[in-house]
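A closer look at the structure
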Amino acid sequence: MTSITDHLATVRARVRESLERAGRASDDVTIVAVSKQQSTASIQDAYRAGQRDFGESYVQEAEPKLDALESLDVTWHFIGRIQANKTRAIAARFQWVHTVDRDKAARRLDAQRPTFAPPLNVLIQVNQGAEGQKAGVAPDDVRALAAVVRELPRLRLRGLMTIPPAGLTPQATLARFLELAQLQASLAAEGYGVDTLSMGMSGDFELALEAGSNCVRIGTAIFGGRAGSPR
Ligand SMILES: *Cc1c(COP(=O)(O)O)cnc(C)c1O
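The present account deals with the structure reproduced in this document. In this text, all values refer to a predicted model and were calculated from it rather than measured experimentally. (Residues numbered from 1 in each chain as written. Predicted model: local features only at pLDDT ≥ 70, side-chain atom pairs only at ≥ 80, totals over all residues. Heavy atoms only, no water.)

**Some thoughts on the overall build of the chain**
This is how the line gets drawn: Working definition: helices are DSSP H or I runs of at least four residues, strands are E runs of at least two. Numbering for both runs from the N terminus. A simple rule labels every residue: compare its accessible area, found with a 1.4 Å probe on the protein chains alone, to the largest value its type can have, and call it buried under 20%, exposed over 50%, or partly exposed in between. Throughout, a residue-residue contact means that at least one pair of heavy atoms, one from each residue, lies within 4.5 Å. Calculation of accessible area relied on Shrake-Rupley with a 1.4 Å probe; when residues are assessed, cover is drawn exclusively from the protein chains displayed. Charge counting treats Lys and Arg as positive and Asp and Glu as negative, with His and both chain ends excluded. Charged side chains are reduced to one point each, which is NZ for Lys, CZ for Arg, CG for Asp and CD for Glu.
Helix and strand counts for the chain stand at nine helices and eight strands. For the chain, the spread of C-alpha atoms along the three principal axes comes to 50 × 40 × 35 Å. Among the 231 residues that make up the chain, the fraction classed as buried is 52%. Within the chain, contacts between residues at least 6 apart in sequence are counted, and of these 58% link residues at least 24 apart. Carbon and sulfur atoms make up 49% of the accessible area of the chain, which amounts to about 10800 Å² in all. Distance from the positive charge centre (28 side chains) to the negative charge centre (26 side chains) of the chain: 5 Å.

Right under this line is the structure:
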């Protein structure tokens, strides 16, 4: 059986190769290990192998794990749907949120971010026209939401995030990633201090890196399969 340590080494090597192919610096990417539906023991295994950024999708599932791992120097990323009754916990316990897609969620996170903590790092999730996908703001509405987030003092807008629909050809997936990179570049040109492009998962992170991603969210390629239904 291949261990989490081995899986991580393989993912890191593949990331390095992709960056090399793209002529980018080898440290120009954050690997977020997506630990939803994984045990604290597995998270500790990855931590021992040097992994520091972890992603969780469900607040209720994440909280006991965050409690158990409180002594570790982990940066926690929230990558799931933001439910209104969970914003307080998200604002208090995570350092990053990748899935802001409406004003109301942004305002609640801002109001509930503890004053002793630094501003919460926020990415706007973009819905690039995926059929049946409800999460994310339409590309045309990204600017309006970015303008709102920029004015919220307890949030720091860092960039954009996308999840392309499964089942696209590699070319079509790459096209989505390039489109998001372009949108990010136009925000940067308009003076938004965006520096983080969160795109790429186990099945498509090499395409994402080719398109300029500097934050990949990788679950199964590190931890193996998940117990419940993947989402
Ligand atoms: C589950 C999940 C991932 C990781 O997916 P894998 O295919 O296991 O790498 C990445 N991003 C989001 C938003 C997820 O929900």
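And the narrative resumes.
**Some details on the pairing of strand β3 (residues 75–78)**
Quick reminder of the rule: Here, strands pair whenever DSSP counts at least two bridges between them. Orient the strands so they point away from the viewer; a crossover is then right-handed if the path from the first strand over the helix to the second runs clockwise.
Of the pairings in the sheet, the one linking strand β2 (residues 53–56) to β3 comprises four bridges and is parallel in character. Opposite G55, over in β3, you have H77 as the bridge partner. In this region the chain leaves β2, passes through helix α3 (residues 59–68) and returns to the parallel neighbour β3; the handedness of that crossover is right-handed. In this structure, β3 lies alongside strand β4 (residues 96–100), joined through two bridges in parallel fashion. Paired with H77 across the two strands is W96, which belongs to β4. Regarding topology, helix α4 (residues 87–93) serves as the crossover connection from β3 to the parallel β4, and that connection is right-handed.

**Structural notes on the site of the ligand**
The criterion, for reference: Here, proximity means that at least one heavy atom of the residue falls within 4 Å of the molecule or strand. Polar contact criterion, stated in full: a pair of N or O atoms within 3.5 Å, where within protein one must be able to donate a hydrogen and the other to accept it, and residues adjacent in sequence count only if both atoms are side-chain atoms. Three categories are distinguished: nonpolar for Ala, Val, Leu, Ile, Met, Phe, Trp, Tyr, Cys and Pro, charged for Asp, Glu, Lys and Arg, and polar for the others, with Gly belonging to the last.
Taken together, the neighbourhood of the ligand is formed by 14 residues, with K36, S202, G219, T220 and R226 sitting nearest. One nitrogen or oxygen atom from the side chain of R226 is found 2.8 Å from an oxygen atom belonging to the ligand. Isolated, the ligand exposes 380 Å² of accessible area, and the fraction of that covered by the protein chains is 92%. Here the residues of the shell around the ligand are counted per class, giving six nonpolar, four polar and four charged.

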